[in-house]
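What the coordinates show
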Amino acid sequence: SVYSGVVCILMMVAYFTDMKTAENNADQNATEETGAPSSRGFIIKASCLFFSINFFYGGMEVGYPGQLMRFAVEHLGWDKQHVTILMAVMQGANALVTAMAIFFSKYVQPHVILCWDVAITAVIFGILAILVEMHTAVLWTGSVLLGFGWATIMPSGFTWATTFMEDSGVFSGLYWCGYF
């Protein structure tokens, strides 16, 4: 839940930075018409911000299955095969939504997909944190919905970032290294 909260806060900062940049570009029509690139300071700040987002997102995506295994075995008394099936279903949901997002990305803007992903992930982590010990169905449903929720955070974030700043090798490297 903490990781999800940090990712949500970082995404809101990035979103409002994007809105401020759009307002500044609207005020400076001459700069927009010439296609001048973003300032170097802005690129550095945005690259560091997206590195941080991916760093926490990667930790969330990798950390949750590890914690899920430990929690379900130690606290719920499940056997490891049962938890492995749950993680496989979660990753299957992730793969399904990722495949569907390829087609929907033609019709839905990246920042909309990203907002939905972050919102679903934050809500599900909150629900899991509060209700996970009530019933095993909460853990199953929450894990599958997490697979749906974080399926396209990374590619949508990259696509969205490249809409307001030039895609350079340094930016791409920082963005993807944050995840790994």
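The structure we're discussing is the one just above.
Given the structure is predicted, the values throughout are model-derived calculations rather than measurements. (Residues numbered from 1 in each chain as written. Predicted model: local features only at pLDDT ≥ 70, side-chain atom pairs only at ≥ 80, totals over all residues. Heavy atoms only, no water.)

A few words now on the overall build of the chain. When its secondary structure is counted, the chain shows 8 helices and 0 strands. Going residue by residue from the N terminus, the α and β elements of the chain occur as α-α-α-α-α-α-α-α. Pairs at least 24 apart in sequence give 77% of the contacts found in the chain among residues at least 6 apart. Accessible area for the chain stands at about 10,300 Å²; split by element, carbon and sulfur atoms hold 68% of it. (Helix = DSSP H or I, 4+ residues; strand = E, 2+ residues; numbered from the N terminus. Contact = heavy atoms within 4.5 Å. Areas by Shrake-Rupley, 256 points an atom, 1.4 Å probe, with all protein chains shown as cover.)

Turning next to the side chain of Asn 94. Inspection of the secondary structure puts Asn 94 in helix H4 (residues 80-104). Residues contacting Asn 94, with those up to four places away along its chain left out, are Glu 61, Gly 147, Trp 150 and Ala 151.

Moving on, we get to helix H5 (residues 110-131). End to end, H5 covers 31 Å across 22 residues, agreeing with the expected 32 Å (1.5 Å per residue, within 8%). Listing the buried residues of H5 in full gives Ile 113, Leu 114, Asp 117, Val 118, Thr 121, Ile 124, Phe 125 and Leu 128. Looking straight down H5, one finds its buried side chains confined to an arc of 140°; they lie on one side. Those residues of H5 that are exposed and aimed more than 90 degrees away from the buried face are Trp 116 and Ile 130. (Expected span 1.5 Å × (residues − 1). Buried < 20%, exposed > 50% of the residue type's maximum accessible area, 1.4 Å probe, protein only. Arc of directions from axis to C-beta.)

To continue, consider the packing of aromatic side chains. Following the criterion strictly, the structure yields 4 aromatic pairs and no others. Aromatic side chains Tyr 64 and Trp 150 sit 5.9 Å apart centroid to centroid with 75° between the ring planes, which places their arrangement in the edge-to-face category. Here Tyr 64 is found in helix H3 (residues 40-74), whereas its partner Trp 150 is found in the loop between helix H6 (136-149) and helix H7 (153-164), with 86 residues between them in sequence. When the ring of Phe 125 is compared with that of Trp 150, the centres are 6.2 Å apart and the planes differ by 45°; the resulting orientation is tilted. Within this pair, whereas Phe 125 is found in helix H5, its partner Trp 150 is found in the loop between H6 and H7, the two being separated by 25 residues in sequence. Each of the two residues, Phe 125 as well as Trp 150, counts as buried. Put simply, the rings of Tyr 64, Phe 125 and Trp 150 pair up and form one aromatic cluster. (Phe/Tyr/Trp six-rings, centres within 6.5 Å; stacked < 30°, edge-to-face > 60°.)

Along the chain, Ser 143 turns up in helix H6. Given a relative accessible area of 0%, Ser 143 falls into the buried group. A polar contact is formed between the side chain of Ser 143 and the backbone oxygen of Leu 139, at a distance of 2.8 Å. (Polar contact = N/O pair within 3.5 Å; in protein donor to acceptor, adjacent residues only side chain to side chain.)

Formed by 27 residues in total, the largest nonpolar core has its most connected members in Tyr 64, Leu 68, Leu 128, Leu 139, Leu 146 and Trp 150. In terms of residues, this core owes the most to one element, H3, which gives 9 residues. In this structure, Tyr 64 is in contact with Gly 59, Met 90, Phe 125, Leu 128, Leu 139, Ser 143, Leu 146 and Trp 150, ignoring residues within four places of it in sequence. (Core = buried A, V, L, I, M, F, W, Y, C linked by side-chain atoms within 4.5 Å.)

Glancing now at the environment of Val 97. Along the polypeptide, Val 97 turns up in helix H4. Linking Val 97 and Trp 150, residues 53 residues apart in sequence, is a C-alpha distance of 9.1 Å. What Val 97 contacts, discounting residues up to four positions off in sequence, is Phe 148, Ala 151 and Thr 152.

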